[in-house]
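Survey of secondary and tertiary structure
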Amino acid sequence: MTNLSLDPPISIVRGQPQPGAPDNWRRFFTFSTDHKVIGVQYIVTAFVFFLIGGILSMIMRGELITPEADLVDRTVYNALFTMHGSIMLFMWTFPVLVGLGNYLVPLMIGARDMAFPRLNAVSFWMIPVVGILMLASFLVPGGPSQSGWWAYPPVSLQNPTGNLINGQVLWILAVAISGVSSILGAVNFVTTIFRMRAPGMTWFRTPAFVWAVLAAQLIQLYGLPALTGGAVMLLLDLTLGTSFFAPERGGNPILYQHFFWFYSHPAVYVMVLPVFGIYSEILPVHARKPLFGYRVIAASSLLITVISAFVWVHHMFASATPGWMRMFFMVTTMLVAVPSGIKVFGWVATIWGGKIRFTTPMLFALGGISNWVFAGITGIFLGSVPIDIHVNNTYFVVGHFHYVLYGAIVMGIYAGIYHWFPKMTGRMYYEGLGKLHFALTYIGTALTFLPMHPAGLMGMPRRVASYDLEFAYWNVIASIGGFLLGLSTLPFLLNMVSSWIRGERVGNNPWRAYGLEWLTASPPSVENYEETPIVISGPYGYGGNKPLVEHAPNPDLTDFPESFTPQEQAS
Amino acid sequence: MTVERVIAQDIEASVREHQEHDAAGNSKFGFIVFLLSESVIFLSFFTGYIIYKTTTPDWYPLGVTGLETREPLINTMVLISSSFVIYVAERYLHDRKLWGFRLFLLATMIMGSYFLWGQAVEWRGLPFTHQSGLFGGTFYLLTGFHGLHVLTGVLLQLIMLVRSLIPGNYDNGYFGVEATSLFWHFVDVIWIVLYTLIYVWQ
Amino acid sequence: MLKLRAILILSIYAVLVTLASVWMAKQSYAWFPPEASAESKLLDDLFSLFTGLGTFIYLGVIGPFLYSLVFHRAAKYDLSDGPPIEGNKWLEIIWTAVPLVLVLTLSFVSYRTYDKMAVRGPMELVHLHLPNVVPAAYAEPFDSTPQQEIQQALETAPVEQIDVLAKQWAWVFHYPEADVTSTELHLPVDRRVKFSLRSQDVLHGFYIPAFRLKQDVVPNHAIDLELTPIKTGTYRLRDSMFSGTYFAANQADVVVQPYADYQQWLTTAATQAPTPAYNQAAYEYSRTGDRRTGNTKPKVAVRGWDTIPPAPPPMVNYAPKHEVNSPPA
Ligand code: HEA
Ligand code: HEA
Ligand code: CUA
Ligand SMILES: [Cu+2]
């Protein structure tokens with residue numbers, strides 16, 4: 001009936017009480033150096049900012065439900081999308097993925113913590129500072145930055161109030177601090193992954209998620225400094241009157257765009273790669289099959305790291321880029337389809353012929369992948385210079401990137417949170433609420449972001465508070481969809497809070513999953529493993545009979561939770 | 001104190017012991033990764049400088065024809081030599097000769113400070129400011145950003161010097177000194193590129 | 001048995017997908033504004049190709065995906081694992097090679113289209129003086145109509161030169177030969193037009209969706225853009241590169257008319273003395289009232305922050321008549 005052995009799990013000494021115990025939750029508010037605490041701190045903080053960024057977008061969709069600029073003043077609208085984009089990227093997507101990585105990477109590689117636990121805590125505590133700076137900019141005279149999340153000069157250098165402390169300065173400071181935090185984090189991840197894998201865990205026994213995190217963090221290391229350089233110059237222009245990007249003083253605003261996109265293009269892969277890793281971990285577990293083509297999937301992450309360094313000009317096809325640049329970067333951009341395709345096809349082959357169970361994490365992963373294929377294809381459209389020249393800076397682009405950012409990445413993050421929720425808390429979430437959450441999210445995504453594509457093809461520019469009547473139809477649909485997306489977060493919140501407090505207790509490995517993280521207690525003790533596991537086989541042994549580690553069993557069945565008996569599963 | 005907590009602390013202690021010898025290696029690895037990343041900031045500034053210089057019609061502000069190279073060259077020599085001096089210091093430490101270490105570290109600091117002082121003197125004497133077009137902006141950006149790194153290096157050396165006075169401080173390895181020295185070489189290499197770009201290529 | 005079913009279903013599916021892709025490719029023409037320039041035809045063809053191929057790839061991936069979800073679900077009480085298949089070398093090679101070939105093809109086709117459009121665009125901002133990777137345009141005669149239209153327009157008539165000035169937040173069009181300025185862009189049909197794009201302050205984007213063309217406008221740097229209008233009518237020109245507070249209102253009308261009418265318009269306009277044109281940004285700004293006591297536009301529910309004041313309304317020979325307070329047409 002099953003290929004898995006039934007030995008009991010390694011007994012783990014509990015180093016800490018169960019969560020929910022009175023002295024326990026407080027550690028999440030301390031300067032803890034435990035990677036698991038920091039991981040949860042990241043995730044929860046980021047989610048708060050997701051809600052804030054989401055509320056800003058609700059106001060935007062409210063404005064856009066009618067063609068005129070009548071809900072908020074134009075300056076307010078401009079501030080809204082600037083802060084929405086900035087918060088969603090710098091305060092939600094990056095931190096939440098760093099949080100998941102923080103929680104999972106040491107567990108997955110059998111390490112006791114990150115390489116530099118204190119540095120890790122320092123990186124985290126910069127995040128609230130960034131958030132406070134961003135939010136504080138709503139209170140300064142002149143309001144927050146209103147130049148979009150790119151902060152392109154000369155608009156970003158125009159300072160209507162003339163004050164030294166203005167929204168734009170705060171924005172640059174916030175982004176710079178977030179950059180420092182990310183670089184320190186990246187150093188930490190790279191060192192951890194290179195040097196702290198358990199004995200026997202060769203590169204090709206390292207889980208795909210770890211590969212993906214490594215690939216993403218390498219991008220941070222080579223890309224972020226360029227953005228930092230550009231930001232420093234922009235700040236000097238803004239405050240000290242240098243002329244780097246100020247055309248009226250002889251500067252070159254286009255150079256800023258190169259600095260910006262040299263990082264911010266690769267940054268989109270910083271965000272998507274860990275999500276690829278999440279898909280790669282979840283599909284094998286819930287389809288009960290090894291990850292198909294694991295080695296190429298793992299290696300293609302690094303290929304993306306490399307290629308993504310050479311495509312940034314595709315964001316500037318319509319700016320002052322000469323023809324040869326347009327053509328060169330068109331080819332490099334399209335090449336990204338190759339490693340992306342390797343992953344997608346590998347995932348499809350993984351579920352093919354498997355024993356699929358539609359659990360909530362599985363649903364989110366599957367939905368995310370389908371959205372990713374769609375978004376990737378519209379990305380290829382954008383990569384074609386003639387097409388991009390038409391749709392650049394229109395809602396087609398907005399549709400493209402929300403399909404990735406929301407459809408693939410946010411859904412992937414949800415998948416990851418549900419999947420590892422029992423590991424983090426020792427409790428199971430509620431399936432019913434989870435499935436409701438999935439349905440609302442999936443429908444909401446399509447309703448909100450699909451209509452943006454036709455609107456863009458018709459020529460609706462982005463970043464407009466008012467628009468011509470011809471676009472009203474699609475915008476009304478998008479706004480309704482947007483509100484639905486807002487609602488969709490409520491079952492999630494309810495699910496997380498209530499399951500954490502009173503969800504059903506499950507064993508260490510409710511999914512009967514392979515992977516070191518499932519061999520330890522749920523939640524893991526402070527030191528993760530009583531003794532360092534010695535890895536003796538590859539990461540996805542489903543259907544085979546190879547044990548994963550020495551002296552220890554395969555995923556065991558004894559912990560299978562009551563509510564997850566197969567009867568309910570199959571429904 | 002609960003039993004659990006006692007056990008936890010026990011385990012933590014033993015884990016720490018187990019990982020101690022790895023920790024220094026990790027720190028070194030991490031620090032090199034960090035420096036590589038840091039070098040990209042300079043790389044982007046250099047790229048910016050090259051692009052500005054090759055595309056700007058009136059590169060030098062009115063009344064400026066170029067930069068004086070003699071004093072900066074002396075400065076450069078001092079900085080480059082100091083890289084050797086700190087290496088010697090490190091060797092002394094390696095051989096557990098603390099006084100030699102302190103002496104040569106101090107020498108490095110003096111040379112680094114001389115460099116900073118020379119830079120300051122040069123800045124004061126210049127007929128242009130950071131607002132004098134792209135030339136002025138990039139000049140002060142590059143030298144200033146590099147100068148900040150020199151300052152950081154000197155401060156790190158100061159910390160190392162003070163720490164060498166704590167008895168037994170370097171018994172279990174001296175990663176801090178290695179890092180400081182590595183950083184100093186890094187600052188040096190950056191300066192060579194910078195000097196070539198700004199002073200040699202006029 | 002199971003295999004056979006899969007092969008059968010998938011073959012039928014492949015046929016359906018092909019049909020669907022062709023249908024979508026045809027459909028895609030309807031998603032655009034009218035084809036008002038020769039270049040737009042080139043683009044729509046390219047887009048249609050991408051749509052067809054994109055549909056094929058999307059359905060090609062989603063089909064097996066859904067098939068699997070429907071037919072490979074775990075049965076009740078089934079706790080067993082699937083087969084331990086870890087990969088397949090040939091499959092992996094194929095699905096690396098096929099996308100590679102596909103994207104190289106797509107790049108090449110896009111390059112051809114771009115080449116045929118011959119929009120010029122900016123020169124190297126950074127004077128690298130690399131060998132011209134993109135060879136001079138219009139070299140090659142090509143049998144498709146749009147290309148011929150571009151060719152003809154080039155050969156039969158001299159290129160119309162128009163200077164475009166973008167500022168916060170207005171468009172001013174200057175016709176150097178007739179020395180006419182206007183805030184409405186008039187173009188002769190079937191003639192090659194060459195714009196020289198300049199900005200007075202920040203980045204703007206010169207974008208006419210009906211022409212499918214767009215070019216950012218950069219201060220201190222005149223950028224050329226060429227195109228051939230082929231259909232009379234009135235279209236919209238929109239600022240596409242975010243340019244600050246009144247960005248959304250920075251729009252203008254484009255009137256493509258027969259050459260004679262165009263000439264007529266030019267001569268009439270030349271006789272007109274320059275007057276300040278209606279300007280939406282200036283109008284809205286003037287109504288923001290006392291900033292300190294708040295309220296901006298009376299209609300707006302949430303008041304705003306300080307803004308860069310708009311440039312004064314442009315003085316032009318010709319400006320379209322605007323109802324005061326009417327939203328842009
Ligand atoms: C994480 C986010 C993310 C990801 C992963 C991507 C992925 C891609 N993006 Fe996207 N993009 C953004 C986020 C993202 N993007 C954002 C935020 C912006 C706008 C920023 C702003 O302006 O504010 C943007 C904008 C943007 C532009 C600029 C548009 C413009 O401003 O004019 C372009 C242009 O080339 C582009 C292209 C691509 C491509 C080619 C991919 C590729 O990686 C996609 C590759 C994937 C596939 C192709 C699908 C799977 C592959 C197969 C099934 C194989 C077979 C396929 C083929 C043969 C085609 N993106
Ligand atoms: C990860 C990134 C991310 C995410 C998740 C989102 C999510 C959403 N985005 Fe955003 N978006 C960006 C990144 C993102 N966006 C970026 C980078 C830009 C470009 C900015 C720029 O141009 O500079 C942009 C721009 C952008 C625009 C274009 C603005 C313009 O160009 O004029 C629009 C318009 O509709 C939009 C809409 C939305 C909507 C409706 C959602 C929805 O998915 C949001 C769903 C809503 C919620 C999740 C909130 C739920 C909360 C509640 C309902 C209240 C509950 C509250 C409590 C309990 C306290 N976004
Ligand atoms: Cu030279 Cu434009
Ligand atoms: Cu990109």
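So, how was this worked out
Residues numbered from 1 in each chain as written. Chains lettered and ligands numbered in written order. Predicted model: local features only at pLDDT ≥ 70, side-chain atom pairs only at ≥ 80, totals over all residues. Heavy atoms only, no water. Helix = DSSP H or I, 4+ residues; strand = E, 2+ residues; numbered from the N terminus. Buried < 20%, exposed > 50% of the residue type's maximum accessible area, 1.4 Å probe, protein only. Contact = heavy atoms within 4.5 Å. Phe/Tyr/Trp six-rings, centres within 6.5 Å; stacked < 30°, edge-to-face > 60°. Donors = N, O, S within 2.8 Å, 3.2 Å for Na, K, Ca; no water. Pairing = 2+ DSSP bridges. Axes fitted to C-alpha atoms, helices over the stretch in contact; angles between N-to-C directions. Domains from an automatic or database assignment. Buried area = accessible area lost by both parts, 1.4 Å probe. Salt bridge = Lys/Arg side-chain N within 4 Å of Asp/Glu carboxyl O. Nonpolar A, V, L, I, M, F, W, Y, C, P; charged D, E, K, R; others polar. Near = heavy atom within 4 Å. Polar contact = N/O pair within 3.5 Å; in protein donor to acceptor, adjacent residues only side chain to side chain. Parallel < 35°, antiparallel > 145°, perpendicular 65-115°, else oblique. Left-handed = near helix turned anticlockwise from the far one by under 90°. Patch = residues over 30% accessible without salt bridge, like charges linked within 9 Å, V, L, I, M, F, W, Y side chains within 5 Å. Areas by Shrake-Rupley, 256 points an atom, 1.4 Å probe, with all protein chains shown as cover. Core = buried A, V, L, I, M, F, W, Y, C linked by side-chain atoms within 4.5 Å. Expected span 1.5 Å × (residues − 1).

A tally of regular secondary structure across chain B gives five helices and zero strands. Ordered by position in the sequence, the α and β elements of chain B form the string α-α-α-α-α. Taken over 202 residues, chain B has a buried fraction of 47%. Taking the intrachain contacts of chain B between residues at least 6 apart in sequence as the baseline, contacts between residues at least 24 apart amount to 78%.

This part takes up the packing of aromatic side chains. Residue and element names in this part refer to chain A. Counted by the stated rule, this structure contains 95 aromatic pairs over all chains. Ring geometry for phenylalanine 381 and phenylalanine 396: centres 6.4 Å apart, planes at 35 degrees, overall tilted. You can see phenylalanine 381 sitting in helix H10 (residues 360-383) and its partner phenylalanine 396 sitting in helix H12 (residues 395-425), a full 15 residues away along the chain. For phenylalanine 381, a relative accessible area of 7% puts it in the buried group.

The next point concerns the coordination of the copper ion (ligand 4). All names here are of chain A. All of the protein donors around the copper ion (ligand 4) are His265 (ND1), His314 (NE2) and His315 (NE2); their distances to the metal are 1.8 to 2.1 Å. Here the donor residues for the copper ion (ligand 4) map to a single chain with the spacing H-x48-H-H. Between the copper ion (ligand 4) and the iron atom of ligand 1 the interatomic distance comes to 4.5 Å. Of this pair, histidine 265 sits in helix H6 (residues 253-287) while histidine 315 sits in the loop between helix H7 (294-307) and helix H8 (323-335); the two residues are 50 residues apart in sequence, bridging distant segments of the chain. For histidine 315, a relative accessible area of 26% gives the class partly exposed.

Attention now moves to the sheet that holds strand S7 (residues 213-217) of chain C. All names here are of chain C. Strands sit in the order S4-S10-S9-S6-S7 across an open sheet of five strands; the sheet is mixed. One side of each edge strand has no neighbouring strand; the edge strands of this open sheet are strand S4 (185-188) and S7. If you compare each strand with its neighbour and ignore which way they point, the axes differ by 25 degrees on average. Where S4 meets strand S10 (residues 251-257), four bridges bridge the pair, whose relative direction is parallel. Bridge pairing links proline 188 to glutamine 257 in S10.

A separate point is the domain arrangement of chain A. Many structure descriptions define interface size as the accessible area lost when the parts assemble. Residues and elements named next belong to chain A. One can read the domain layout of chain A as domain 1 (35-496) and domain 2 (507-571). For domain 1 versus domain 2, the distance between C-alpha centres works out to 31 Å. Taken as a group, Arg112, Arg288 and Lys423 account for 24% of the area that domain 1 buries against domain 2, more than any other trio of residues on that side. The tally of links from domain 1 across to domain 2 stands at zero salt bridges. For the side of domain 1 that touches domain 2, the elements supplying multiple residues, two or more each, are helix H1 (35-64), helix H2 (74-108), H6 and H12. The greatest single-element share of the side of domain 1 that touches domain 2, amounting to seven residues, is contributed by H12. Its residues assigned to classes, the side of domain 1 that touches domain 2 comprises 24 nonpolar, 10 polar and 10 charged.

Residues in contact with ligand 1 amount to 33 residues; listed here are only the nearest, A:Trp149, A:Tyr269, A:Asp388, A:His400 and A:Arg462. In this structure, ligand 1 is bordered by residues of chains A and C. Note that an oxygen atom of ligand 1 is positioned 2.7 Å from one of the side-chain N or O atoms of A:Tyr269. For the shell around ligand 1, the per-class residue count stands at 21 nonpolar, 10 polar and two charged.

All names here are of chain A. Look at H6 against H10: their axes get within 9 Å of each other, and the N-to-C directions meet at 130 degrees. On the basis of the axis angle, H6 is oblique to H10. In the packing of H6 onto H10, the handedness of the crossing is left-handed. Across the interface between the two elements, Val272, Phe276, Tyr279, Ile282, Leu283, His286 and Ala287 of H6 pack against Pro361, Met362, Ala365, Leu366, Gly368, Ile369 and Trp372 of H10. Residue composition of the contact of H6 with H10, grouped by class: 12 nonpolar, two polar and no charged.

Below, the discussion takes up a nonpolar patch on the surface. All names here are of chain C. On the surface, Leu8, Ile9, Ile12, Val15, Leu16, Leu19, Val70 and Phe71 cluster together to form a nonpolar patch covering roughly 760 Å² of accessible area. Residue assignment for the nonpolar patch shows that the elements contributing at least two residues are helix H1 (2-27) and helix H2 (38-71). By residue number, the principal contributor to the nonpolar patch is H1, which donates six residues. Its location among the elements puts leucine 19 in helix H1.

What follows deals with the nonpolar core. Counting residues in each nonpolar core, the largest one holds 310 residues, and the members touching the most others are A:Trp347, C:Phe173, C:Leu185, C:Phe195, C:Phe206 and C:Phe211. If you tally residues by element for this core, the top one is H2(A), at 22 residues. What A:Trp347 contacts, discounting residues up to four positions off in sequence, is A:Phe276, A:Tyr279, A:Ser280, A:Leu283, A:Leu291, A:Ile297, A:Ile369 and A:Trp372.

The next thing to look at is the interface of chain C and chain A. Chain C puts 104 residues into the contact, and the matching count from chain A is 114 residues. Between chain C and chain A lies a buried interface of about 9,300 Å² when both sides are counted; carbon and sulfur atoms form 69% of it. When the buried surface of chain C facing chain A is broken down by residue, C:Leu79, C:Phe242 and C:Trp305 rank first, second and third, together holding 9% of it. Counting the contacts that link chain C with chain A gives five salt bridges.

Okay, H1(A) next. Count 3.6 residues to each turn of an α-helix, and residues three or four apart come out pointing the same way. Across its 30 residues, H1(A) extends 42 Å between first and last C-alpha, which sits within 8% of the 44 Å expected from 1.5 Å per residue. Sitting at the amino-terminal end of H1(A) is A:Asp34, which places a side-chain oxygen 2.9 Å from the backbone nitrogen of A:Lys36.

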